[in-house]
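A structural walkthrough
Residue-level listing of the chains:
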Amino acid sequence: MARVRSTLAGRLKGSSQDAGRKIDFKENLMKIARRVSDLPPYLFVEISRKIAEKRARGEEVISFGIGDPDMPTPENVIKRLCQAARDPANHRYPETEGLPEFRRAVAAWYQRRFGVSLDPEKEVLPLIGSKEGIGHIAWCYLDPGEVALVPDPAYPVYAISTGLAGGEAHYMPLTAQHNFLPDLDAIPEAVARKAKLLWINYPNNPTSATADKSFFEKVVDFAKKYDIGVCHDGPYTEVAFDGYKPVSFLEAEGAKEVGVEFHSLSKSYNMTGWRIGMVVGNAEMVGALKIFKSNLDSGVPQAIQYAAIEALSGPQDVIQKNNETYQRRRDLIMETLEDMGLKAMAPKASLYIWARVPKGYTSDGFASNLLEQCGVVVTPGTGYGQQGEGYIRISLTITDAALVKGLNKLATWQCVR
Ligand SMILES: Cc1ncc(COP(=O)(O)O)c(C=O)c1O
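First, a word on what this report is: a plain description of the structure on this page. (Residues numbered from 1 in each chain as written. Predicted model: local features only at pLDDT ≥ 70, side-chain atom pairs only at ≥ 80, totals over all residues. Heavy atoms only, no water.)

Moving on: the sheet that holds strand β12 (residues 391-395). An order of β9-β12-β11 is seen for the 3 strands of this open sheet, with the pairing classed as antiparallel. One side of each edge strand has no neighbouring strand; the edge strands of this open sheet are β9 (352-356) and β11 (379-380). Note: β11 against β12, 2 bridges, orientation antiparallel. Among the inter-strand pairings, P380 is bridged to a residue of β12, identified as I392. Contacting β11 and β12, helix α15 (residues 363-374) runs over the sheet at an angle of about 45° to β12. (Pairing = 2+ DSSP bridges. Helix = DSSP H or I, 4+ residues; strand = E, 2+ residues; numbered from the N terminus. Contact = heavy atoms within 4.5 Å. Axes fitted to C-alpha atoms, helices over the stretch in contact; angles between N-to-C directions.)

In structure tokens:
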């Protein structure tokens, strides 16, 4: 026993030959790989740092930054989660492909919500939050130097995962003139021929633009012509206002032949903290991601999958309640923006208002100005890409009490240009 202990001690210090010799850890620290050291700080990490700095100085800060629902997960979902957590069968490793019941619940939800039929065996895969699958699909399809078509501005993970996998992003500008839809005809023929993946996201983060079925059908035609895999990211299809019902990419004729849709329980059911989402659609693409994930992670904890089944299959009134709250907040924020002289379109869907900054300001400059003058955090549009210059993003996921404070603070803003 003593011999085992001393060998272990040696191994912990270094190799058994090193036992007793003090190791200078600084000298031995390895250089971080360029793929990590070259990464910019993740947008919201940087914003959280600024907020923490101000709060540490005793200043009050109201954040319209991240899109993280402030309302709680519905009680029936929590109850199912607690029940499942007590079952020892759920204390063991889950399967990568997830519980058959989870996959069936997703397929049934897609059928009810969008009229889209999915094979739960081959066309549905659970994800540890959709961000995880979005980050990993690039690794399944992009060899070094290969191209993904990525919108600008966009959720940052599309471009970052492309780069991490060694691929190259070709940016598709989303402009107001084009209703924040990519102009597929503007993509140079040579680039389209080289591209392997195409990212789209509607209702859109950060611009809040929406797309209809005819746009998705154009995307399908384009993808077929150039043999490109489409990745539609649709976590906001359930967050919509004024009676508007967003469509799924998979509703477009032929969509399943060319692509997948990433979806999530995060925003629809106030479940960002539980980390569960799904990828659905093209069986080959879903299968490729399953192979990749089975080598890297061990799936979604089963208790969380049971909670998700309850969310998808149980009462759906949380969605309408959320949307009424967000719509009321949207209207209050729009009024304040108008009083400030800022231009923005009232969003039909998503959790965001995409507002133009006043003349003479940059996105960063204006966001910093609001933080310094009013103690209010908004996200500079450039955090989502170069085309975000001239805009800020304002999130609706702020408690009513903080919203009132935040709007009162914004009402004191004075243009200093
Ligand atoms: C466009 C978009 N896609 C994906 C996600 C990730 O959602 P989750 O990983 O919580 O499913 C987000 C989160 O904000 C998002 O805005």
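Next up on the list: the packing of aromatic side chains. Tallied over the entire structure, the rule returns 18 aromatic pairs. For the ring pair W109 and Y110, a centre distance of 5.5 Å and an interplane angle of 75° mean the geometry is edge-to-face. Of the residues examined, Y110 reaches a relative accessible area of 0% and is grouped as buried. By way of ring pairs, the aromatic residues Y155, Y158, W199 and F262 are connected into one cluster. Positioned over the ring face of Y244 is K348, at 4.3 Å from the centre of the ring. Taking the ring centre of Y391 as reference, the NZ or CZ of R356 above it sits at 4.6 Å. (Phe/Tyr/Trp six-rings, centres within 6.5 Å; stacked < 30°, edge-to-face > 60°. Buried < 20%, exposed > 50% of the residue type's maximum accessible area, 1.4 Å probe, protein only. Lys NZ or Arg CZ within 6 Å of the ring centre and 35° of its normal.)

Before going further, it helps to spend a moment on the environment of R49. Mapped onto the elements of the fold, R49 is located in helix α4 (residues 43-56). Along the sequence, R49 and R328 sit 279 residues apart, while their C-alpha atoms lie 30 Å from each other.

Here the focus is the site of the ligand. Not every one of the 15 residues close to the ligand is listed here, only the nearest: D233, Y236, S264, S266 and R275. Residue K267 places a side-chain N or O atom 2.7 Å away from an oxygen atom belonging to the ligand. Between the ligand and R275, the relevant distance is 2.7 Å, taken from an oxygen atom to a side-chain nitrogen or oxygen of the residue. Expressed as a share of its isolated accessible area of 400 Å², the protein-covered part of the ligand is 92%. Among the elements that make up the shell around the ligand, the one with the highest residue count is helix α7 (residues 130-141) (3 residues). (Near = heavy atom within 4 Å. Polar contact = N/O pair within 3.5 Å; in protein donor to acceptor, adjacent residues only side chain to side chain. Areas by Shrake-Rupley, 256 points an atom, 1.4 Å probe, with all protein chains shown as cover.)

With that settled, consider the pattern of salt bridges. One pass over the structure, following the stated rule, counts 20 salt bridges. The shortest N-O distance in the salt bridge between R57 and E59 comes to 3.1 Å. For E59, a relative accessible area of 31% translates into the label partly exposed. For E189, the salt bridge identified is with R193, shortest N-O distance 2.6 Å. One end of the pair is E189 and the other is R193, both in helix α9 (residues 189-194) and 4 residues apart, which spans about a single turn. The exposure class assigned to R193 is exposed, which follows from its relative accessible area of 58%. Counted as one network, the salt bridges with shared partners bring together K54, R57, E59 and E372. (Salt bridge = Lys/Arg side-chain N within 4 Å of Asp/Glu carboxyl O.)

Turning our attention to the pairing of strand β4 (residues 168-173). As paired strands, strand β3 (residues 147-152) and β4 are joined by 6 bridges and run parallel to one another. Note on β4: the bridge partner recorded for V150 is Y171.

Geometric descriptors of this kind do not, in isolation, establish any biological role.
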